[in-house]
Amino acid sequence: MRDAYHEELDSIGDSLVEMARLVGSAMGRATTALLDADLGLAESVIAADEKVNTLHHDLENRAIDLLARQQPVATDLRIVVTSLRMSADLERCGDLARHVAKVARLRYPASAVPHDLHPIVLEMGQLAQRLVAKAGLVIATKDVDAALELERDDDAIDALHRELFAHLIDDRWQHGIETGVDVTLVGRYYERFADHAVSVAKRVVYLVTGEHVDEFVASTGTAAAE
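Just so it is clear, the structure is predicted and the values come from calculations on it, not from any experiment. The residue numbering used here restarts from 1 in each chain and proceeds along that chain's sequence as written. Where totals are concerned, whole chains, interfaces and linings use all residues; where local detail is concerned, this predicted model gives features only for residues with pLDDT of at least 70, and gives and counts side-chain atom pairs only at 80 or more. Hydrogens and waters are ignored; side-chain quantities use all the structure's heavy atoms.

Enquirer: In this structure, what is going on with the overall build of the protein? I would like to understand it.
Expert: Broken down by element type, the protein carries seven helices and zero strands. Strands are runs of DSSP state E lasting at least 2 residues, helices are runs of H or I lasting at least 4, and numbering of each runs from the N terminus. Each helix and strand of the protein, ordered N terminal to C terminal, gives the series α-α-α-α-α-α-α. Taken over the C-alpha trace, the protein has a radius of gyration of 19 Å; the compact-globule value for 226 residues is 17 Å, and the two agree within 12%. With the C-alpha coordinates aligned to their principal axes, the bounding extent of the protein is approximately 65 × 40 × 20 Å. Across the protein, contacts joining residues at least 24 apart in sequence account for 83% of those joining residues at least 6 apart. Atoms counted for the radius of gyration: C-alpha only. Globule rule: 2.2 Å times the number of residues to the power 0.38. Any two residues whose heavy atoms approach within 4.5 Å are treated as being in contact.

Encoded structure:
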């Protein structure tokens, strides 16, 4: 019985890793759809989000069932509760990738992003995809050091977000209000996607150590993310 119980706990972790893989792929494809005005690709991202939602709901049901049947305590309870929160973060990542794809669909056959901003948005999309891939690896390996690195990695997304905003408020902006709104929304979607990936990593630190990141950093003297 205990072996079956721990297999169920492991399967929840496997589902989280799969969710991270799916939302990372979704954001990569949504970025391509956005920049290339690829309607078919945008539609596929929007449709595929249902699989992420299904995994999220299935994980919730399994976790609640474990809580009811096994009444876990200590570390096992922390795993179940933290997994529920990570699943919610990853489900939100999927929603944000879908939002990017919806902007691409809305402006088809044109690209929603002006050509001169393509490099910034492309880099934001690539960084967001790498962040959530790293979060998935952290879930699988329970690597606290790697988890702490994600917040530093997120600084690069924040810098690009500021650069994008600087273009929007520049007096030389010539792309109109509608495009300005699109770019503002897209930039925010990438920034929030990265924030959720960082949140997943922070939850892994809590899962492994029983301490929140700030507490763990203070108690161990580990270098905090700048």
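Additional details are given in the paragraphs that follow.
Enquirer: Could you clarify how one ought to interpret a negative patch on the surface in this entry?
Expert: The grouping of D3, E7, D10 and D14 at the surface amounts to a negative patch. The residue E7 is located in helix 1 (residues 2-36) in this model. Exposure classes here rest on a 1.4 Å probe applied to the protein chains alone. A residue is buried below 20% of its type maximum, exposed above 50%, and partly exposed in between. Given a relative accessible area of 56%, E7 falls into the exposed group. For patch detection, residues must exceed 30% relative accessible area and be free of salt bridges, and they are connected within 9 Å for like charges or within 5 Å for nonpolar side chains (Val, Leu, Ile, Met, Phe, Trp, Tyr). Accessible surface is estimated by sampling points in the Shrake-Rupley manner with a 1.4 Å probe; for residues, cover comes only from the protein chains shown. Whenever a carboxyl oxygen of Asp or Glu lies within 4 Å of a side-chain nitrogen of Lys or Arg, that contact is scored as a salt bridge. As used throughout, the charge tally considers Lys and Arg to be positive and Asp and Glu to be negative, leaving His and the chain termini uncounted. Every charge is mapped to an atom, namely NZ of Lys, CZ of Arg, CG of Asp or CD of Glu.

Enquirer: I keep staring at a nonpolar patch on the surface and nothing clicks. Help me out?
Expert: A surface patch of nonpolar side chains, about 290 Å² in accessible area, is lined by I177, V181 and L185. By the element assignment, V181 lies in helix 6 (residues 176-209). In this structure V181 comes out as partly exposed when scored by relative accessible area, which is 42%.

Enquirer: Mind showing me how you'd approach the environment of A110 here?
Expert: By secondary structure assignment, the location of A110 is in the loop between helix 3 (74-107) and helix 4 (118-141). A relative accessible area of 42% means that A110 is categorised as partly exposed. In sequence terms A110 and L35 are 75 residues apart; their C-alpha atoms lie 9.2 Å from each other.

Enquirer: Would you mind going over the packing of helix 2 (residues 39-70) against helix 3 with me for this structure?
Expert: Between two packed helices, what matters for the description is the angle formed by their axes and the separation of those axes. Simply put, an axis is a line fit to the C-alpha atoms, just over the touching stretch for a helix, and the angle between two N-to-C directions goes from 0 to 180 degrees. Two elements in contact, helix 2 and helix 3, have axes whose closest approach is 9 Å; the angle formed by their N-to-C orientations is 165°. Overall, the two elements helix 2 and helix 3 adopt an arrangement that is roughly antiparallel. The two elements helix 2 and helix 3 meet at a crossing, and its hand is left-handed. Here the word oblique covers every angle except those under 35 degrees (roughly parallel), over 145 (roughly antiparallel) and from 65 to 115 (roughly perpendicular). Should the near helix be turned anticlockwise from the far one by less than a right angle, the crossing is left-handed, and should it be turned clockwise, the crossing is right-handed.

Enquirer: Any chance you could explain the packing of aromatic side chains here in plain terms?
Expert: Both the distance between ring centres and the angle between the ring planes are used here to describe each pair of aromatic rings. Stacked, edge-to-face and tilted are the three classes for Phe, Tyr and Trp ring pairs, Trp counted by its six-membered ring, which pair at centre distances within 6.5 Å; planes under 30 degrees apart are stacked, over 60 edge-to-face, the rest tilted. Evaluated as defined, the whole model comprises zero aromatic pairs. Against the face of Y206 rests R78, its NZ or CZ located 5.9 Å from the ring centre. Think of it as a cone above the ring: NZ of Lys or CZ of Arg counts as a charge over the ring if it is within 6 Å of the ring centre and within 35 degrees of the ring normal.

Enquirer: Can you help me understand unusual backbone geometry in this one?
Expert: What is expected of a backbone is that most residues other than glycine have negative phi and most peptide bonds are trans. That bond from Y108 to P109 is cis: its omega, 10°, falls within 30 degrees of zero. Its location among the elements puts P109 in the loop between helix 3 and helix 4. Of note, A74 is a non-glycine position whose phi angle comes to about 55°, a positive value. You can see A74 is positioned in helix 3.

Enquirer: Can you help me understand the pattern of salt bridges in this one?
Expert: When charged atoms on two side chains of opposite charge get close, those side chains can pair. Applying the stated rule across the entire model yields 17 salt bridges. For R62, the salt bridge identified is with D58, shortest N-O distance 3.0 Å. A residue pair is termed a helical-turn pair when its members lie 3 or 4 positions apart in one helix, as R62 and D58 do in helix 2 at four residues.

Enquirer: Help me out: how do you make sense of the layout of surface pockets in this one?
Expert: Empty space left among the atoms is revealed by rolling a probe the size of a water molecule over them. Using a grid of 1 Å spacing that covers the protein atoms alone, one calls a set of points a cavity when a 1.4 Å probe fits there but cannot get out, and a pocket when the set is open and has protein on both sides within 12 Å along at least five of seven lines; lining residues are those with an atom within 4 Å of a point. Grid points are joined across faces, edges and corners, and a volume is the space filled by probe spheres set on the points. Volume-wise, the largest pocket comes out at about 250 Å³. Contributing to the lining of the largest pocket are 17 residues, with L9, D10, G13, I79 and K142 lying nearest its centre. Looking at the lining of the largest pocket, the elements with two or more residues in it are helix 1, helix 3, helix 4 and helix 6. Throughout, the ten residues Ala, Val, Leu, Ile, Met, Phe, Trp, Tyr, Cys and Pro are labelled nonpolar, Asp, Glu, Lys and Arg are labelled charged, and all others, Gly among them, are labelled polar. Here the lining of the largest pocket is composed, by residue class, of ten nonpolar, three polar and four charged.

Without other data, these values stay purely geometric and don't point to any function.
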